[in-house]
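Coordinates in review
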Amino acid sequence: MPQHARIPRVCRDCDGFATAAITTGTRHRDGTRATLRVTCPTCKGTGHTTPAADLASAER
């Protein structure tokens, strides 16, 4: 009997793009831009969420 892999749900807040690089507008001495890395607070940078049932059981 074949086993099916569970497909993790994509985070609906970041749509799977969990980390963004934001340019600050300044440059380093070598000419590269200074950036900030910001992660999605909902999925904490993974890009996936767990089903609501798993979250409810984890909160107990």
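No experiment lies behind these values; they were computed from the predicted model shown.

Some words on the pairing of strand β2 (residues 19-27)
Pairing analysis gives 6 bridges linking β2 to strand β3 (residues 33-39), with the strands arranged antiparallel. Looking at β3, one finds that Thr19 is bridged to Thr39. Between the antiparallel neighbours β2 and β3 lie 5 residues, among them Gly31 with a positive phi of about 100 degrees.

Details of the nonpolar core
Membership of the largest hydrophobic core is limited to 5 residues, which are Cys11, Cys14, Ala18, Cys40 and Cys43. Each residue touching Cys40, except ones within four places of it in the same chain, is listed here: Cys11, Asp13, Cys14, Ala18 and Gly45.

Observations concerning a nonpolar patch on the surface
A contiguous nonpolar patch, built from Ile22, Leu36 and Val38 and spanning about 250 Å² of accessible area, is present on the exposed surface. When you line up the elements, Ile22 lands in strand β2. Judged by relative accessible area, which is 43%, Ile22 ranks as partly exposed.

Section: the environment of Thr32
The topology assignment puts Thr32 in the loop between β2 and β3. Residue class for Thr32 comes out partly exposed when judged on its relative accessible area of 41%. In contact with Thr32, other than residues within four places in its own chain, are Thr26 and Arg27. Within the local environment of Thr32, its side chain forms a polar contact with the side chain of Asp30, the two groups lying 2.8 Å apart.

Re unusual backbone geometry
If you check the backbone angles, Asp15 has positive phi at about 60 degrees while not being a glycine. Counting through the fold element by element, Asp15 comes out in the loop between β1 (9-10) and β2. Owing to a relative accessible area of 56%, Asp15 belongs among the exposed residues under this scheme. Phi at Lys44 takes a positive value of approximately 60 degrees, unusual for a residue other than glycine. Note that Lys44 resides in the loop between β3 and β4 (48-49).

Cut-offs applied
- Residues numbered from 1 in each chain as written.
- Predicted model: local features only at pLDDT ≥ 70, side-chain atom pairs only at ≥ 80, totals over all residues.
- Heavy atoms only, no water.
- Pairing = 2+ DSSP bridges.
- Helix = DSSP H or I, 4+ residues; strand = E, 2+ residues; numbered from the N terminus.
- Core = buried A, V, L, I, M, F, W, Y, C linked by side-chain atoms within 4.5 Å.
- Buried < 20%, exposed > 50% of the residue type's maximum accessible area, 1.4 Å probe, protein only.
- Contact = heavy atoms within 4.5 Å.
- Patch = residues over 30% accessible without salt bridge, like charges linked within 9 Å, V, L, I, M, F, W, Y side chains within 5 Å.
- Areas by Shrake-Rupley, 256 points an atom, 1.4 Å probe, with all protein chains shown as cover.
- Salt bridge = Lys/Arg side-chain N within 4 Å of Asp/Glu carboxyl O.
- Polar contact = N/O pair within 3.5 Å; in protein donor to acceptor, adjacent residues only side chain to side chain.

All we've got here are geometric facts, nothing functional implied.
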